[in-house]
Amino acid sequence: MFPFFRYFNFLFLCITLFLSRPCFPARIVSEPVTVVTTETEKTETHNATWHDFSKFLHAERGSHVSGMSELKKYFHRFGYLSLPETTPNFTDTFDSQFESALVHYQKRLGLPVTGKLDSDTILAIVAPRCGVSDAATHGVHATRRYAYFNGKPRWTRGVPMTLTYAFSPYNMIDRVSMPEIRAVFERAFRRWASVIPVSFQETAEYDKADITIGFFLGDHGDGEPFDGVLGVLAHAFSPQNGRFHLDAAETWSVDFERDQSRVAVDLESVATHEIGHVLGLGHSSVKEAVMYPSLSPRRKKVDLQIDDVEGVQALYGSNPNFTFSSLLQSQNSFNLAVGLQAGLSKWIPSLPLTLFILFFSA
Ligand SMILES: [Zn+2]
Ligand SMILES: [Zn+2]
């Protein structure tokens, strides 16, 4: 399986890749990036998951690199590459089929489309990401970049619709209190409810709830085991299944001031993203959208963007109280705040780590 590594190593890798952005002549780095760790950092080990893929940096068509079959499995898992027809397993050769998959991936993730394993692409691949496959049905309009699950499933409960949700009585976490978890999910559900004619109500009757929420470790019986710290963070099922699972191994946080861990993950951001899946949205290629498949540790991304709103309204219609001008207004204030923040920290490179959530067709 994949080796374990420390968060510092991952950060170092990201910085290395970030700094290597200029186009060097194509070459294959066969040795893993060298990292230096200190005693303090040794206390914070976690799952590298896809860290080893950094050795494929600068590979292109015709390259043959030991272990590339694992990278092909990654592309297969997330919906970009079908299983080989003539051989029992993927080969280690960068062939034309893999090149097409790579181009598709770069387009879906909003990356520069080069058909090569450049630094932007490797950064996106090694980042923790949503386990939900990126294979999905797209919106019909070329300028819309949201997506649905195949068959465009949605909840059908009449209008106005009320969906109930419940927390598992057995599978919760200790590091965040129940009142805090409840408050996080209430805010996350309210954001979606404010744009569509659907309301959400918590219920104690877990067995009868439409949406069932729980935290699980490793293999938890649905064929998509969680993988420890970072990597895949959570997954949800398409309508009208309602299962919503979070990886209990993550350092879930509701307050980054309180949680100083470098691998802390914002629970509210993940909750908001997963609810989008529960409602029927796939992954968006708009990087700012809540439905983009990645999220950095210690980042908060909870405000629905126009792309998210257009996607979910195409499924359920608009909440009569919703106006795009109010959304634009809130986004302008957000952008202003981000602009001010960026101005203060312009020398700190932004590292596009990804938060991922698995998502299955029910
Ligand atoms: Zn699950
Ligand atoms: Zn997702």
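The name recorded for the protein chain in an unreviewed UniProt entry is Peptidase metallopeptidase domain-containing protein, from Psophocarpus tetragonolobus.

### Section: the UniProt feature "active site" (unreviewed entry) in the protein chain
Within this structure's numbering, the places UniProt gives as "active site" (unreviewed entry) are Glu274. For glutamate 274, the location among the structural elements is in helix α7 (residues 267-279).

### A word on helix α3 (residues 68-77)
Considered for burial, the residues of α3 that qualify are Met68, Leu71, Lys72 and Phe75. Buried positions in α3, seen along its axis, are confined to an arc of 100 degrees and lie on one side of it. Those residues of α3 that are buried are in contact with α4 (96-108). In the stretch just after α3, glycine 79 is the one whose phi turns positive, near 90 degrees.

### Quick word on the confidence of the model for the protein chain
Regions with low pLDDT should not have their predicted coordinates read in detail. With 75% of its residues at a pLDDT of 70 or more, the protein chain has an overall mean of 80. In the predicted structure, residues 1-6 sits below a pLDDT of 50 and forms 18 contacts with residues beyond four places in sequence or in another chain. Low pLDDT, under 50, characterises residues 338-362; the predicted model gives this stretch 73 contacts beyond four residues in sequence or across chains.

### Some details on the environment of phenylalanine 78
Inspection of the secondary structure assignment puts phenylalanine 78 in the loop between α3 and α4. Phenylalanine 78 sits in the buried class, given 23 other C-beta atoms within 10 Å. C-alpha separation for the pair phenylalanine 78 and valine 132, spaced 54 residues apart in sequence, amounts to 7.0 Å.

### Considerations on the environment of leucine 111
Within the fold, leucine 111 resides in the loop between α4 and α5 (119-126). Among residues more than four places away in sequence, those in contact with leucine 111 are Gln106, Asp120, Thr121 and Ala124.

### Here we look at α5
In terms of residue burial, α5 counts as a mostly covered element, since seven of its eight residues are buried. Regarding α5, the residues found buried are Ser119, Thr121, Ile122, Leu123, Ala124, Ile125 and Val126.

### Overview of unusual backbone geometry
Most peptide bonds take the trans form, and the phi angle of most residues other than glycine is negative. A cis amide bond, omega 0 degrees, links proline 239 with the succeeding residue glutamine 240. Note on placement: glutamine 240 falls in the loop between β8 (232-237) and β9 (243-247). Even without being a glycine, leucine 230 presents a positive backbone phi close to 55 degrees. Considering the arrangement of structural elements, one finds leucine 230 in the loop between β7 (211-216) and β8.

### Re the environment of asparagine 89
Residue position: asparagine 89 is located in the loop between α3 and α4. We classify asparagine 89 as exposed; it has 10 C-beta atoms within 10 Å. Separated by 20 residues in sequence, asparagine 89 and serine 69 place their C-alpha atoms 7.8 Å apart.

### Considerations on the pairing of β9
Burial runs high along β9: four of the five residues are buried. In this sheet, β9 lies alongside β7 in parallel orientation, the contact comprising five bridges. Counterpart to threonine 212 in the pairing with β9 is arginine 243. When β8 meets β9, the two strands line up antiparallel, connected through three bridges. Across the sheet, the residue bridging to alanine 234 is leucine 246, located in β9. Two successive antiparallel strands, β8 and β9, enclose a turn made up of five residues, where glycine 242 displays a positive phi of approximately 85 degrees.

### Here's the deal with the pairing of β7
The element β7 is extensively covered by neighbouring structure, given that five of its six residues are classed as buried. Bridging between strand β5 (residues 161-167) and β7 involves three bridges; their strand directions are parallel. Across the sheet, phenylalanine 167 pairs through a bridge with isoleucine 213, a residue of β7.

Basis of the calculations
Residues numbered from 1 in each chain as written. Chains lettered and ligands numbered in written order. Predicted model: local features only at pLDDT ≥ 70, side-chain atom pairs only at ≥ 80, totals over all residues. UniProt positions renumbered as here; feature names shortened; annotations may be inferred. Helix = DSSP H or I, 4+ residues; strand = E, 2+ residues; numbered from the N terminus. Buried ≥ 20, exposed ≤ 12 C-beta atoms within 10 Å, placed from the backbone. Arc of directions from axis to C-beta. Contact = placed C-beta atoms within 7 Å. pLDDT = per-residue confidence, 0-100. Pairing = 2+ DSSP bridges.

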